[in-house]
Amino acid sequence: MTDSPDRAAEALDPGSPNVARMYDHWLGGKDNFAADREAAERVVEISGGRVVRGVRLNRAFLGRAVRDAAAAGIRQFLDLGSGLPTRENVHEAAAHARPDARVVYVDNDPVVCAHGRALLAETGNVGFVAADLRRPDDVLGDPAVRDLIDFSEPVALLLVSVLHFVADEDDPGGVVARYRDALAPGSRLILSHLATDAFPDEMAETEKVYEGASARLGARPRARIREFFDGFELLHPGLTGPCEWLAGGTAADGERFAGLVGVGELR
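Residues numbered from 1 in each chain as written. Predicted model: local features only at pLDDT ≥ 70, side-chain atom pairs only at ≥ 80, totals over all residues. Heavy atoms only, no water.

**Student:** Explanation requested: the sheet that holds strand β3 (residues 126–130) in the structure shown.
**Tutor:** Whether parallel or antiparallel, the strands of a sheet pair through hydrogen bonds between backbone atoms. Overall, mixed pairing links the seven strands, which are arranged β3-β2-β1-β4-β5-β7-β6 in an open sheet. Looking at strand neighbours, the two that pair on one side only are β3 and β6 (233–234), the edges of this open sheet. Note that strand β4 (residues 156–160) and strand β5 (residues 188–194) share five bridges and pair parallel. From the neighbouring strand, Leu157 faces β5, where its bridge partner is Leu189. Strands β2 (102–107) and β3 of the sheet are contacted by helix α6 (residues 110–119), whose axis makes an angle of about 160° with β3. (Pairing = 2+ DSSP bridges. Helix = DSSP H or I, 4+ residues; strand = E, 2+ residues; numbered from the N terminus. Contact = heavy atoms within 4.5 Å. Axes fitted to C-alpha atoms, helices over the stretch in contact; angles between N-to-C directions.)

And the structure:
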């Protein structure tokens, strides 16, 4: 599956909210349109402002988890559903500990892919693949993935704020398991996911906002999210809120967010 300028132009609909551009808006980026900002601000209103801090904490989690993986010796990173390049991307975070790190970003949004490739064109050891993470065999067999990722060595697999856009009928658990089975021991799963547990009413309202966006949102209860780590050993501090994870498991002074984050290691 490849993207082209024509396909990207066809997919560019500034009148409809796009989930990647909404996320970009919350991070303070400029790659978004009025429809994206309107939908994003509606979620801000529903969450009482928590979504902006939650998204930025989620980004901090991604950066820390990538740096930890690189410091532990992992030099290959496969970022599924990566979204638009933004602040401290995976290749930048990994390079702090492993200047030789290799990164492949994967997204099925042709606009995201065209933009990402343009921004990263001069960056070595980095690829951007247009593919659907729900089709693991397509992703794992893609020539660009195979060119940069050696699956006989540990890989950090990133599923950050993306599985809540994969519907139950697409078998997200089976999808994650297929990627897991392709990984070598010592690989890591870096995952974050919106949960229904903390704010069920607000989450239900937020899901309605996404009904008109480029992907529908489906938060899940904590127990379901924990199942994505089947076959992995959850590393300290486990599956927690982003504040607790970043603080190494310390309670977060009553600050709660809808998202859960965690890192698992394949033994």
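Here the narrative resumes.
**Student:** Would you mind going over the pairing of β3 with me for this structure?
**Tutor:** In terms of burial, β3 is largely enclosed, as five of its five residues are buried. Side chains of β3 alternate between two faces, with Val126, Phe128 and Ala130 and Gly127 and Val129 buried alike. Handedness of the crossover joining β2 and β3 through α6 is recorded here as right-handed. (Buried < 20%, exposed > 50% of the residue type's maximum accessible area, 1.4 Å probe, protein only. Right-handed = clockwise from strand over helix to strand, strands pointing away.)

**Student:** Is there a simple way to explain the pattern of salt bridges in this structure?
**Tutor:** Side chains that differ in charge, positive against negative, can pair when their charged atoms come close. On inspection of all chains with the given rule, the structure shows 18 salt bridges. With its nearest N and O atoms 2.8 Å apart, the salt bridge here joins Asp137 to Arg178. Taken together, the residues Asp137 in helix α7 (residues 136–141) and Arg178 in helix α9 (residues 172–182) connect sequence positions 41 residues apart. We note a salt bridge from Arg267 to Glu265, for which the minimum N-O separation is 2.3 Å. Since its relative accessible area comes to 59%, Arg267 is described here as exposed. Residues participating in the shared-partner salt-bridge network are Asp132, Arg134, Arg135 and Asp170. (Salt bridge = Lys/Arg side-chain N within 4 Å of Asp/Glu carboxyl O.)

**Student:** Would you mind showing me how to read the pairing of β4 here?
**Tutor:** Consecutive side chains along a regular strand alternate between the two faces of the sheet. Summarising burial for β4: five of the five residues are buried, a large majority. Side chains Ala156, Leu158 and Val160 of β4 all project onto a buried face; the interleaved residues Leu157 and Leu159 project onto the opposite face, where all are buried too. As defined by bridge partners, strand β1 (residues 76–80) adjoins β4 across three bridges and the pair is classed as parallel. Note on β4: the bridge partner recorded for Phe77 is Ala156. With respect to chirality, the unit in which β4 leads through α9 into the neighbouring parallel β5 is right-handed.

**Student:** Any chance you could explain the packing of helix α2 (residues 19–26) against helix α3 (residues 34–46) here in plain terms?
**Tutor:** The angle between the axes and the distance between the axes are what describe a pair of packed helices. At their nearest, the axes of α2 and α3 sit 9 Å apart, and the two run at 65° to each other. Every pair of crossing elements has a handedness; the one defined by α2 and α3 is right-handed. Taking contact as the criterion, the partners of Arg21, Met22, His25 and Trp26 in α2 are, on α3, Asp36, Arg37, Ala39, Ala40, Glu41, Val43 and Val44. (Left-handed = near helix turned anticlockwise from the far one by under 90°.)

**Student:** Help me understand the side chain of Asp109, please; the structure alone is not making it clear to me.
**Tutor:** Considering the arrangement of structural elements, one finds Asp109 in the loop between β2 and α6. Among buried Asp, Glu, Lys and Arg side chains, Asp109 stands out as unpaired, with Arg21 the closest opposite charge at 5.7 Å. A distance of 2.8 Å separates the side chain of Asp109 from the side chain of Asn18, its partner in a polar contact. (Lys, Arg positive; Asp, Glu negative; His and termini not counted. Polar contact = N/O pair within 3.5 Å; in protein donor to acceptor, adjacent residues only side chain to side chain.)

**Student:** Just checking my understanding: could you explain the nonpolar core for this structure?
**Tutor:** Buried together is how nonpolar side chains tend to be arranged in soluble globular proteins. By size, the foremost hydrophobic cluster in this structure holds 33 residues, and its most contacted members are Leu80 and Leu159. Secondary structure elements with two or more residues in this core: β1, β2, α7, α8 (143–148), β4, α9 and β5. Sort the elements by how many residues they give to this core and α9 lands first, with three residues. Apart from residues lying up to four places away in sequence, Leu80 is in contact with Val106, Leu133, Val139, Leu157, Leu158, Leu159, Val162 and Tyr179. Counting 30 residues, the second largest nonpolar core, distinct from the first, contains Leu62, Val103, Val126 and Ala156. (Core = buried A, V, L, I, M, F, W, Y, C linked by side-chain atoms within 4.5 Å.)

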